[in-house]
Structure formats: C-alpha cells, structure tokens
Amino acid sequence: MRYARRSTAATLAAGALALSLAGCGDSADPVERLGTRTPPAAQPTTTAPPSPSGVPGDEAYKKWGLKSPLEFAPKPAQKPALAPADPGKAKVVDRIPVPPADKVVFLTFDDGAEKDPEFLKMAADLKLPISMFLTDNIASSDYGHFEKLRDNGSGSTINNHTLTHPNLRTLPFAAQKKEICGQQERLEKRFGTKPVRFRPPYGNYNDDTLRAASECGISQVILWRVSMQINNFQYAEGSALKPGDIILAHFRGPSELKGSTEIQMTTRMLQRIQDQGYRIGRLEDYL
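Residues numbered from 1 in each chain as written. Predicted model: local features only at pLDDT ≥ 70, side-chain atom pairs only at ≥ 80, totals over all residues. Heavy atoms only, no water.

Mind laying out the overall build of the chain, listing which residues take part and the relevant values?
Tallying secondary structure elements over the chain gives 8 helices and 10 strands in all. Here the chain, with 287 residues, has 54% of them falling under the buried criterion. Partitioning the contacts of the chain with sequence separation of at least 6, the portion at a separation of at least 24 is 76%. A total of about 12,000 Å² of accessible surface is found on the chain, and carbon and sulfur atoms cover 52% of it. (Helix = DSSP H or I, 4+ residues; strand = E, 2+ residues; numbered from the N terminus. Buried < 20%, exposed > 50% of the residue type's maximum accessible area, 1.4 Å probe, protein only. Contact = heavy atoms within 4.5 Å. Areas by Shrake-Rupley, 256 points an atom, 1.4 Å probe, with all protein chains shown as cover.)

Now the structure itself:
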C-alpha cells in the first residue's frame, strides 16, 4: 500500500510509533500504537490549591472499587513550555514536559463505541477529567452520552478522532483533510465549538496529516506513551508510569474487553495509577 509523502522528521516519528500493542494477552482490537519519544523539560513545581475540577465525595472511591481517594494535580501556575509547531503544521504532543518529581498523568479515552450510563455515574462521582477523542461513525449514535460526560463538572473535553477511523498514513492529503475537517464540522454542529486538538487513529500520521490538521483548525495532535489494556498498562518505554504521561484508554464494552466492563477496566486503570503514586491532571490545563 502506498504511503503519503512524509518529511524526514515525520518519518522518524512514524518509526517510533512502530511499537504496537499487538500480542498483549489482554489487549482489545483495533490495536493502537504508542507515541513518539521526546525528553521532558524541567519546569517549576506548583503548590496551588486543588484543581477546579473538584474533589470527589469522601465515599465515592469506595463505591467504585478504589482503596483510597484519587489525588488530582492542581492547575499549574504556568503551563509547561512546548516546542513551537513547524509552520503550517499542527504540533505533535506525546508527553507533557513536567518536572521529574511532578508525578502527574492524564486520562484520554478514544472512539466512543461504548455508551454505558453507569460509566457516566462513575466519572461524575470521581470527577475524572477525561479528554475524549471521538470518531463520528462510532460515537454519533449517541453524542448526548458524551455531552453528559463533558458537562458533569469534571472539566472533561471533546476532541477530534476523524469521521471513520482510517489509517491516515495510507490516504492522500485531500482524503486526510476530509476526515479531519469533516469531523470538525460535525462536532461544531453538535457541540457548538470546533476542537483544537486531534488524535490520529492508531497514532499513525505523516506530514500531510499535520498540514491537514492545521488547515482544519487543529493546533495540537495528541499521542500517548501509555495504553490501558483490559487489566494492565502497556508502556512505550520501561515498565512504569513517568511524569507527564498521557494515558490512552477506550470507550469499549464487554464484547471488546473479553467480558470486562468499561467500569472494571477504568477501575483497574485508576488502581494502577494510585499504586504507582501518581496524581491525575486535566490535560487541557497543561497545554
């Protein structure tokens, strides 16, 4: 299959994406790929008060299977410095450059296949700040579900994940732009605003993707370093979370999670975050 033209930088980034989650015993299809690697830059820590997203009720963590309350990172006094985007292209972000001692990670959920009302209760009770990346032909059967998740007081957001979830690297520029701009238009019509953040399906992109995204009003292409499978994390590097990690999860149900529910998967994810001593941040507060 012929791939679209890509620059040297994009080729290197695509090569880093080749570490896939295939072969993981509890992974769920379609397999996503892990993001590129850039070293974090040191930034000043902050002792600001708790995030505006709020603190869950004292008993909420027990209700949803956690041993202790979740910890949330406050909104930083100053956003971490990101390298500027190349002219005419959206900026690629796969980890937030926070100080090494700032143990904060970020929750992102993709696609939109599962629309479990109990998950809405869980996310609201725990005040989970989720950055959603929605695919139209998967999520649009009930966009109201994701609107409720966005509006539950946790600071969750709705972002672009294309119209039909193709491998963008296999498409020419015009087709990529149609996928991205088309979803921008659908999301604006349904939710009132066009997102400024986009995630390419499978983490696959090239120079055409970044140019098309920019022309569609996207400023940042959000990848990841850690993927939540059914029971455990899959890491791009090492065997533990790192400060600033963006975590990929999916809106999926038992048919795709080998019998596990979205709530069970999310509970395990939150437990793994707690076990490693991390707090949860709101991605948009850092970008």
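Account for unusual backbone geometry, naming residues and giving values.
Phi is positive for T162, close to 80°, though the residue is something other than glycine. Assignment of secondary structure puts T162 in the loop between β4 (157–160) and α6 (173–191). Since its relative accessible area comes to 0%, T162 is described here as buried. The phi dihedral of K258 falls on the positive side, at around 55°, and the residue is not glycine. One can find K258 in the loop between β9 (246–250) and α8 (262–275). The exposure class of K258 is exposed, given its relative accessible area of 60%.

Break down the confidence of the model for the chain for me, citing the residues and quoting the values.
It should be kept in mind that the predicted coordinates are not to be read in detail where pLDDT is low. In this model, the chain carries an average pLDDT of 86, and 80% of its residues clear a pLDDT of 70 or more. Across residues 1–31, where pLDDT falls below 50, the model places 75 contacts with residues more than four positions away in sequence or in other chains. Segment residues 33–55: pLDDT under 50, and 67 contacts once partners within four positions in sequence are set aside and those in other chains are kept. (pLDDT = per-residue confidence, 0-100.)

Break down the layout of surface pockets for me, with residues and values.
Any space left empty among the atoms is revealed by the rolling of a water-sized probe across them. Looking at the second largest pocket, its volume works out to about 210 Å³. The wall of the second largest pocket is formed by 13 residues, among which T157, I158, N159, T193 and P195 lie closest to the centre. Looking at the lining of the second largest pocket, the elements that each hand over two or more residues are β4 and α6. Looking at the lining of the second largest pocket, the element that brings in the most residues is β4, giving 3 residues. Residues of the lining of the second largest pocket, tallied by class, amount to 5 nonpolar, 4 polar and 4 charged. (1 Å grid on protein atoms, 1.4 Å probe; cavity = no way out; pocket = protein on both sides within 12 Å on 5 of 7 lines; lining within 4 Å. Points joined across faces, edges and corners; volume = space filled by probe spheres on them. Nonpolar A, V, L, I, M, F, W, Y, C, P; charged D, E, K, R; others polar.)

Run through the pattern of salt bridges, naming residues and quoting values.
Considering all chains together, one arrives at 18 salt bridges under this definition. Close ionic contact of D245 with R95 constitutes a salt bridge, the shortest N to O distance being 2.8 Å. Linking D245 in the loop between β8 (233–235) and β9 with R95 in the loop between β1 (91–93) and β2 (104–111), this pair joins segments that are 150 residues apart in sequence. R95 matches D245 in its accessibility class, with the two residues each being buried. For R186, the salt bridge identified is with D136, shortest N-O distance 2.4 Å. Note that R186 is positioned in helix α6 and D136 in helix α4 (residues 136–139), a separation of 50 residues in sequence. Overall, R186 belongs to the partly exposed group, its relative accessible area being 43%. Taken together, the shared-partner salt bridges connect D94, R95, R225, E237 and D245 into one network. (Salt bridge = Lys/Arg side-chain N within 4 Å of Asp/Glu carboxyl O.)

How would you sum up the packing of aromatic side chains? Please name residues and give values.
Each aromatic ring pair is summarised here by two numbers: the centre-to-centre distance and the angle between the ring planes. Under the criterion given, the structure shown has 7 aromatic pairs. Both rings, one in F109 and one in F119, keep their centres 5.6 Å apart while their planes meet at 50°; by these two values the pair is tilted. A residue pair is termed long-range when its members are at least 10 positions apart, and F109 in strand β2 and F119 in helix α3 (residues 117–126) qualify at 10 residues. For the pair F109 and F119, a shared accessibility class is recorded, and that class is buried. Counting every residue linked through ring pairs, the aromatic cluster contains F109, F119, F146 and F251. In this structure, R211 is placed above the aromatic ring of F173, and the distance from its NZ or CZ to the ring centre is 4.3 Å. (Phe/Tyr/Trp six-rings, centres within 6.5 Å; stacked < 30°, edge-to-face > 60°. Lys NZ or Arg CZ within 6 Å of the ring centre and 35° of its normal.)

Help me get a handle on the nonpolar core, residues and values and all.
Here is a general trend for soluble globular proteins: nonpolar side chains tend to be buried in one another's company. With 42 residues, the main nonpolar core has F119, L126, F233, L241, M269, L270 and I273 as its most contacted residues. Ignoring anything within four residues of it in the chain, the contact list for I273 reads V105, L107, F233, L241, I247, Y278 and I280. With 28 residues, the next largest nonpolar core counts A73, C216, I222 and L287 among its residues. (Core = buried A, V, L, I, M, F, W, Y, C linked by side-chain atoms within 4.5 Å.)

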